[in-house]
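The lines below spell out each chain.
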Amino acid sequence: MFWLVTAELLLNVARGILNLALGLFLYRTTGELWAFALAFTSEFAFALVIQGFAGAVADRFQARNVLAWASGISALLFPVILGIALLYPAGGFDDSAAYALGLSLGLNLTRPFIRTAVFAVSHQVVSERGYERLNSRLAIALQVGQLVGMGLAGVLLET
């Protein structure tokens, strides 16, 4: 249970940092809010469209395997996008924004799978009596992680 809550906390700290830094980067490179709006709303759009499919995948291929694959794909997105950016250098700010937007869309696409798999795995980690405690700790880790991440991003971006 400790590792699952710790992983949820750290994942959401990273998401908080990414959300704020990505918003600032996209605004500075494009001068408009459309790119950040697309990156931000894509998370909810993907959840709406893919969440049912993600549940079926987690049921069919075991939740822990789906969690490992979705987390691995999320982690691989960073070097893949960086490699593409190095192979095809940005010709202007629009290309840089496209790479950042692609990274954001890719991460948001994997999130319904991660969310569903964590929900399913949490039933396997604790007994029926401990599930409420784990669920509340995961919810706290999500909120605290987002807030701490945005706070850290604010400090880092300011300095």
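Rules behind the numbers
- Residues numbered from 1 in each chain as written.
- Predicted model: local features only at pLDDT ≥ 70, side-chain atom pairs only at ≥ 80, totals over all residues.
- Heavy atoms only, no water.
- Helix = DSSP H or I, 4+ residues; strand = E, 2+ residues; numbered from the N terminus.
- Buried < 20%, exposed > 50% of the residue type's maximum accessible area, 1.4 Å probe, protein only.
- Contact = heavy atoms within 4.5 Å.
- Areas by Shrake-Rupley, 256 points an atom, 1.4 Å probe, with all protein chains shown as cover.
- 1 Å grid on protein atoms, 1.4 Å probe; cavity = no way out; pocket = protein on both sides within 12 Å on 5 of 7 lines; lining within 4 Å.
- Points joined across faces, edges and corners; volume = space filled by probe spheres on them.
- Nonpolar A, V, L, I, M, F, W, Y, C, P; charged D, E, K, R; others polar.
- Axes fitted to C-alpha atoms, helices over the stretch in contact; angles between N-to-C directions.
- Left-handed = near helix turned anticlockwise from the far one by under 90°.
- Core = buried A, V, L, I, M, F, W, Y, C linked by side-chain atoms within 4.5 Å.
- Parallel < 35°, antiparallel > 145°, perpendicular 65-115°, else oblique.

Enquirer: Where do I start with the overall build of the chain in this structure?
Expert: From N to C terminus, the chain includes 5 helices and 0 strands. What you see in the chain, going N to C, is helices and strands ordered as α-α-α-α-α. If you line up the chain on its principal axes, its C-alpha atoms span 55 × 35 × 25 Å. Residues classed as buried in the chain amount to 36% of the 159 residues present. Intrachain contacts of the chain at a sequence separation of at least 6 include 82% that bridge at least 24 residues. Entry remark: accessible area of the chain is about 9900 Å², with carbon and sulfur atoms responsible for 71%.

Enquirer: How should the layout of surface pockets be read in this particular structure?
Expert: Its volume calculated, the largest pocket comes out at about 510 Å³. Along the walls of the largest pocket sit 25 residues, with Leu11, Arg15, Ser74, Leu107 and Ile114 positioned nearest its centre. Elements that contribute at least two residues to the lining of the largest pocket include exactly helix 1 (2-30), helix 2 (34-60), helix 3 (63-87) and helix 4 (93-125). With 10 residues, the single largest contributor to the lining of the largest pocket is helix 1. Here the lining of the largest pocket is composed, by residue class, of 15 nonpolar, 6 polar and 4 charged. Quantified by volume, the second largest pocket comes out at close to 270 Å³. Of all the elements in the fold, those that place two or more residues in the lining of the second largest pocket are helix 1, helix 4 and helix 5 (131-158).

Enquirer: Sorry if this is basic, but what is going on with the packing of helix 1 against helix 5 here?
Expert: What describes two packed helices is the angle between their axes and the distance between those same axes. Between helix 1 and helix 5, the shortest axis-to-axis distance is 6 Å and the interhelical angle comes to 35 degrees. As for the relative orientation of helix 1 and helix 5, their crossing is right-handed in sense.

Enquirer: Where do I start with the nonpolar core in this structure?
Expert: By size, the foremost hydrophobic cluster in this structure holds 20 residues, and its most contacted members are Val66, Leu67, Phe113, Val118, Leu134 and Leu138. At the level of secondary structure, the elements contributing two or more residues to this core comprise helix 1, helix 2, helix 3, helix 4 and helix 5. No other element matches the 5 residues that helix 4 contributes to this core. Phe113 has contacts with Ile50, Phe53, Ala54, Val57, Val66 and Ala70, leaving out every residue within four places of it along the chain. Leu22, Ala35, Ala97 and Leu101 belong to the second-largest nonpolar core, a separate cluster that totals 7 residues.

Enquirer: How should the packing of helix 1 against helix 2 be read in this particular structure?
Expert: Where helix 1 contacts helix 2, the axes come no closer than 8 Å and their chain directions differ by 150 degrees. Taken together, the axis directions place helix 1 and helix 2 in an arrangement best described as roughly antiparallel. For the pair helix 1 and helix 2, contact is made by Asn19, Leu22, Gly23, Leu26 and Thr30 and by Trp34, Ala35, Phe36 and Ala39, respectively. In terms of residue class, the contact of helix 1 with helix 2 is made up of 6 nonpolar, 3 polar and no charged.

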